[in-house]
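Overview (structure and organization)
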Amino acid sequence: MEHTRPQVVWLGLTFDLSIILTSTAAAAIVFLIAYLTTRNPSVHVPKKAQNFMEWIIEFVKDIMNSSMGASNNLFVLSTGVTLMMYLFIANFMGIPFSIVTVEEQPVTWWKSPTADAHVTMTLAIMIIIYTHFIDIRTNGLKHYLLSFFKPFAALFPINLIEQFSTTLTLGLRLFGNIYAGEVMLALLASAVTHGIVNAFLAAVPMLIWQAFCLFIGAIQAYIFVTLTMVYISHRLI
């Protein structure tokens, strides 16, 4: 059954309330985790929560070392940690359950925000702009402009197209994997309405697919952060 989105129009702009709800919830969870795991830090005997946050930071540092050859840039490190936590949570939000209101046309209120191309493409655009900002901040405007003409001036059109293709692939890769996983879960969940036998037969595949979606969600968060670090390293050359 086709579901619609809860949309409102304000000042000529259309807002998807489900995306606003789930994106805000994911951001709030990230903030709460960061706050709870960094309160009262201890140098001598850290608690489990502090160890968890330190593990995430070290994990992102390893990505930076393998992608950039360094991990001492706190500006980039904070971006990587935030991205990793946000994407990790956002990718999983639609896996345990989905909230759909039963009306003349069912409306989906709860799903993974990254299962929407608007969210993933916005993230991709922000990351590409962020890499350009780091280039200008680190090397200056002149170096940034000349980078589009390297190694030869004739490659300027290709270098320009590369920025658009990079943005497109970065956003669509994340969207496609998360969206496909939730579509399959919806198909398996629909078996519940077709009798007890169908529901029983679909239970085991649904549990297996949920576990697989958790794995894919974690991998996609890792890939997105890794590619972000790679793109940053390319701008710093």
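So, here is what we can say about the structure in this document. Everything quoted here is computed from the prediction, not taken from an experiment.

What follows concerns the packing of helix 3 (residues 74-90) against helix 4 (residues 117-139). Across the interface, helix 3 lies against helix 4 with an axial gap of 12 Å and an inter-helix angle of 175°. In terms of orientation, helix 3 and helix 4 fall into the roughly antiparallel class. Touching Phe75, Val76, Thr79, Leu83, Tyr86 and Leu87 of helix 3 are Leu123, Ile127, Tyr130, Phe133, Ile134 and Arg137, all from helix 4. In terms of residue class, the contact of helix 3 with helix 4 is built from 10 nonpolar, 1 polar and 1 charged.

Our next topic: the layout of surface pockets. In this structure, the second largest pocket spans a volume of roughly 380 Å³. Lining the second largest pocket are 15 residues, and of these Ser147, Glu162, Gln163, His234 and Arg235 sit closest to its centre. Contributions of two or more residues to the lining of the second largest pocket are made by helix 4, helix 6 (156-189) and helix 7 (196-236). If you tally residues by element for the lining of the second largest pocket, the top one is helix 6, at 4 residues. When the residues that make up the lining of the second largest pocket are grouped by side-chain class, the tally is 4 nonpolar, 7 polar and 4 charged.

If the charged atoms of two oppositely charged side chains come close together, the side chains can form a pair. This model, assessed by the stated rule, comprises 2 salt bridges. A salt bridge links Lys111 to Asp116, with the shortest nitrogen-to-oxygen separation between them at 3.9 Å. Here Asp116 falls in the buried class, since its relative accessible area comes to 0%. Between Arg235 and Asp135 there is a salt bridge, and its shortest N-O distance comes to 3.1 Å. With Arg235 in helix 7 and Asp135 in helix 4, this pair connects stretches of sequence that are 100 residues apart. A residue is classified by how much of its surface remains accessible, and Arg235, at 10% relative accessible area, is buried.

Turning our attention to the environment of Pro41. Mapped onto the elements of the fold, Pro41 is located in the loop between helix 1 (17-38) and helix 2 (48-68). Pro41 sits in the exposed class, given a relative accessible area of 60%. A C-alpha to C-alpha distance of 9.8 Å links Pro41 and Asn51, two positions 10 residues apart in sequence.

A word on helix 3. Counted at 1.5 Å a residue, the expected span for helix 3 with its 17 residues is 24 Å, and the 24 Å between its end C-alpha atoms agrees. In terms of residue burial, helix 3 counts as a mostly covered element, since 12 of its 17 residues are buried. The set of residues buried in helix 3 consists of Val76, Leu77, Thr79, Gly80, Val81, Leu83, Met84, Met85, Tyr86, Leu87, Ile89 and Ala90. Two to three positions downstream of the cap, the backbone nitrogen of Phe75 sits 3.0 Å from a side-chain oxygen, assigning the N-cap of helix 3 to Asn73.

Criteria and cut-off values
Residues numbered from 1 in each chain as written. Predicted model: local features only at pLDDT ≥ 70, side-chain atom pairs only at ≥ 80, totals over all residues. Heavy atoms only, no water. Axes fitted to C-alpha atoms, helices over the stretch in contact; angles between N-to-C directions. Helix = DSSP H or I, 4+ residues; strand = E, 2+ residues; numbered from the N terminus. Parallel < 35°, antiparallel > 145°, perpendicular 65-115°, else oblique. Contact = heavy atoms within 4.5 Å. Nonpolar A, V, L, I, M, F, W, Y, C, P; charged D, E, K, R; others polar. 1 Å grid on protein atoms, 1.4 Å probe; cavity = no way out; pocket = protein on both sides within 12 Å on 5 of 7 lines; lining within 4 Å. Points joined across faces, edges and corners; volume = space filled by probe spheres on them. Salt bridge = Lys/Arg side-chain N within 4 Å of Asp/Glu carboxyl O. Buried < 20%, exposed > 50% of the residue type's maximum accessible area, 1.4 Å probe, protein only. Expected span 1.5 Å × (residues − 1). Polar contact = N/O pair within 3.5 Å; in protein donor to acceptor, adjacent residues only side chain to side chain.

None of the figures reported here should be taken as evidence of function without further support.
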